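An overview of the molecular structure
Residues per chain are reported as follows:
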Amino acid sequence: MDALSLNEKNVFDVASIKQQFPILQQQCRGKPLIYLDSGATAQKPESVIEAIRHYYQYDNANVHRGVYQLSERATQAYEQVREQVRAFINAEDQHEIIFTRGTTEAINLVAHSFGALQIKADDEIVLSYMEHHSNIVPWQMLCEKVGCKIKIIPLHEEGTLDLNEYAKLLTPRTKLVSIIHVSNVLGTVNPIEQMIALAHQHNIPVLIDGAQAVPRMPIDVKKLDCDFYAFSGHKLYGPTSVGVLYGKRKWLEAMPPYQGGGDMISRVSFNKTEYNVLPYKFEAGTPNIAAVIGLGAAIQYLESIGMDAIQKHEIELTHYAQQKLSQIPGLKIYGHAKDKMGVISFTLDDIHAHDVGTILDNEGIAIRAGHHCAMPLMEYYKVAAMARASLGIYNQKSDIDALVRGLLKVKEIFGRYTHRE
Ligand code: C6P
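This section reports on the structure supplied with the text. (Residues numbered from 1 in each chain as written. Predicted model: local features only at pLDDT ≥ 70, side-chain atom pairs only at ≥ 80, totals over all residues. Heavy atoms only, no water.)

**Looking at the site of the ligand**
- With respect to spatial proximity, 17 residues lie near the ligand, and among them Thr104, Asp209, Ser232, His234 and Arg368 are the closest.
- His132 is positioned with one of its side-chain polar atoms (N or O) 3.4 Å from a nitrogen atom of the ligand.
- Measuring from an oxygen atom of the ligand, one finds a side-chain N or O atom of Gln212 at 2.7 Å.
- The fraction of the free accessible surface of the ligand (510 Å²) that becomes covered by protein chains is 87%.
- For the shell around the ligand, the residue count by class is four nonpolar, nine polar and four charged.
- In this structure, the shell around the ligand is formed jointly by two domains, domain 1 (14–32 + 306–413) and domain 2 (49–303), each of which donates at least three residues. (Near = heavy atom within 4 Å. Polar contact = N/O pair within 3.5 Å; in protein donor to acceptor, adjacent residues only side chain to side chain. Areas by Shrake-Rupley, 256 points an atom, 1.4 Å probe, with all protein chains shown as cover. Nonpolar A, V, L, I, M, F, W, Y, C, P; charged D, E, K, R; others polar. Domains from an automatic or database assignment.)

Given below as structure tokens:
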């Protein structure tokens, strides 16, 4: 299969993957760095860093504008990544791939543009209780503007969506369902294929926030049949400030532009402006060309490992982490879905998550602590904050073992240490 990641025994070779990430070779606080915050942003392999450097050193020019060789090369490299992304998520054609600054901008684009096309006063948008703020606030802003309403799919305590209640929320007033694929707090993998099919029975389009899913599993937008799918480059081992909105062509053709400026027009006069064709209609101004090229390198890197192998690795490591962490007395894990991957959020006794994070940092272990941009979820579980370990392709069982040792140390420092049986 893929020489890079699987050794001759067909074992996912984390050690050789980790070697490809220069940043992971350093020490932090005098200890080898253990990075468990890939859900916030993933680290970048050498090939991504090199692709960006190469672009600036040899090809830098604006895209779609110049008549000279550098601009041709930059345009070709930029558009080639669009094709790479298309193939990566199995979209029908390249015109359905819009480059954005990230998941957040992709969702804002849909809220603004699809909102202007389809959503009026008293219409309803269905979200879930486990959404990231990026998939809540743009819809609230739309509600303020046009007077539509948000309906929320409730949760089961284990961190799964209540699908019976979901079915009841779909009415003739529903104009869009917008849901997270993999929760950045609970790790729950939502049954989106089933949820999309149900929404489509009512002719309701569906947007999927794939920020945490795309780095962890193969995505096939044709098979999912979603109307929109949003994700970020920086969680996909690529650069920040680039992301993707996939949209079915029939929607993107009908939707008005999101922003006005260069590249999104075919003709401008003071009397009337004609907009450019897809996908350029939604890419106003000079894009982040280097980041798009870096994203292409990231996709190439992940494909050389194989998304199936990555998915298997992440699921196995998540199970291992879940099992090890749950043995720590006083540690409560949030999210017990059968289908769970990539992130484990928890509280430890009555110790604030920030204290947990700070003490772990002293051990060279990087985790995230806080509300994880999912305040409604914190409210649901009645906690101010959680600590979260999130996994990447370079993590292994020994990282989890180090986390467990670090957490026992946190308990000791706070005088909460209890010997395990
Ligand atoms: N979650 C986390 O630590 P941007 O910032 O646009 O790249 O991604 C926003 C976003 C949207 N949806 C989900 C499910 C996400 O996880 C994120 C980013 C990070 O969980 C930073 S808050």
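Moving on from the coordinates now.
**Topic: the pairing of strand 5 (residues 124–128)**
- In terms of residue burial, strand 5 counts as a mostly covered element, since five of its five residues are buried.
- Where burial is concerned, the two faces of strand 5 agree: the one with Glu124, Val126 and Ser128 and the one with Ile125 and Leu127 are both buried.
- Bridge analysis of strand 5 against strand 6 (residues 149–153) gives five bridges, and the strand direction is parallel. Paired with Ser128 across the strands is Ile153, a residue of strand 6. (Buried < 20%, exposed > 50% of the residue type's maximum accessible area, 1.4 Å probe, protein only. Helix = DSSP H or I, 4+ residues; strand = E, 2+ residues; numbered from the N terminus. Pairing = 2+ DSSP bridges.)

**Comments concerning the packing of aromatic side chains**
- Under the definition given, this model contains 13 aromatic pairs.
- A ring pair is formed by Phe21 and Tyr237, whose centres lie 6.1 Å apart and whose planes are at 70°; its orientation type is edge-to-face. You can see Phe21 sitting in the loop between helix 1 (14–19) and strand 1 (27–28) and its partner Tyr237 sitting in the loop between strand 9 (228–232) and strand 10 (243–247), a full 216 residues away along the chain. Exposure class is identical for Phe21 and Tyr237. Each is buried. (Phe/Tyr/Trp six-rings, centres within 6.5 Å; stacked < 30°, edge-to-face > 60°.)

**A word on the sheet that holds strand 17 (residues 386–390)**
- Taken in spatial order, the four strands line up as 13-14-17-16 in an open sheet, and their pairing is antiparallel. Where the open sheet ends on each side, the last strands, each with one partner, are strand 13 (331–334) and strand 16 (368–370). When strand polarity is set aside, the average angle formed by the axes of neighbouring strands in this sheet is 30°.
- Here strand 13 runs beside strand 14 (residues 343–348); their pairing, made up of four bridges, is antiparallel. When the sheet's bridge partners are listed, Leu331 is paired in strand 14 with Leu348.
- On the sheet, helix 12 (residues 353–362) packs against strand 14, strand 16 and strand 17 and is oriented at approximately 160° with respect to strand 16.
- Seen against the sheet, helix 14 (residues 397–413) touches strand 13, strand 14 and strand 17 and runs at an angle of roughly 15° to strand 14. (Axes fitted to C-alpha atoms, helices over the stretch in contact; angles between N-to-C directions. Contact = heavy atoms within 4.5 Å.)

**A look at the side chain of Asp37**
- Relative to the assigned elements, Asp37 resides in the loop between strand 3 (34–35) and helix 2 (46–59).
- You can call Asp37 buried: its relative accessible area is 13%.
- Discounting residues that sit within four places of it in the chain, Asp37 has contacts with Ala366, Ile367, Arg368, Arg388 and Ser390.

**Quick look at the environment of Lys340**
- Topologically, Lys340 is positioned in the loop between strand 13 and strand 14.
- The spacing of Lys340 and Val189 is 151 residues in sequence and 5.4 Å in space, taken between C-alpha atoms.
- Looking at Lys340, its side chain comes within polar contact range of the main-chain oxygen of Leu186, at 3.4 Å.
- Within the structure, the side chain of Lys340 is placed 3.0 Å from the side chain of Gln322, a separation counted as a polar contact.

**Considering helix 10 (residues 289–305)**
- Counted at 1.5 Å a residue, the expected span for helix 10 with its 17 residues is 24 Å, and the 25 Å between its end C-alpha atoms agrees.
- Counting buried positions along helix 10 gives 14 out of 17 residues, so the element sits mostly inside the fold.
- Of the residues one or two after helix 10, Gly306 is the one with positive phi, at around 105°. (Expected span 1.5 Å × (residues − 1).)

**Some remarks on the sheet that holds strand 9**
- Taken in spatial order, the seven strands make up an open sheet running 4-10-9-8-7-5-6, and their pairing is mixed. If you trace the sheet from one side to the other, it starts and ends with strand 4 (97–100) and strand 6, each paired once. Between one strand and the next, the sheet's axes are offset by a mean angle of 20°, whatever the strand orientation.
- Across the face of the sheet, helix 4 (residues 103–118) comes into contact with strand 4, strand 7 (174–180), strand 8 (206–209), strand 9 and strand 10 while running at roughly 155° to strand 9.

**Overview of the pattern of salt bridges**
- In total, this model carries 25 salt bridges according to the counting rule given.
- Where Lys312 meets Glu316, a salt bridge forms, and the shortest distance between an N and an O atom there is 3.3 Å. Here Lys312 pairs with Glu316, and both are found in helix 11 (residues 307–325), just four residues apart, close to one helical turn.
- Residue Lys312 is classed as exposed on the basis of its relative accessible area of 54%.
- Measuring nitrogen to oxygen at the nearest pair gives 2.8 Å for the salt bridge that ties Arg416 to Asp350. Taken together, the positions of Arg416 in the segment after helix 14 and Asp350 in the loop between strand 14 and helix 12 put the pair 66 residues apart, joining distant regions of the chain.
- Taken together, the salt bridges that share partners define one network made up of Lys31, Glu363 and Lys409. (Salt bridge = Lys/Arg side-chain N within 4 Å of Asp/Glu carboxyl O.)

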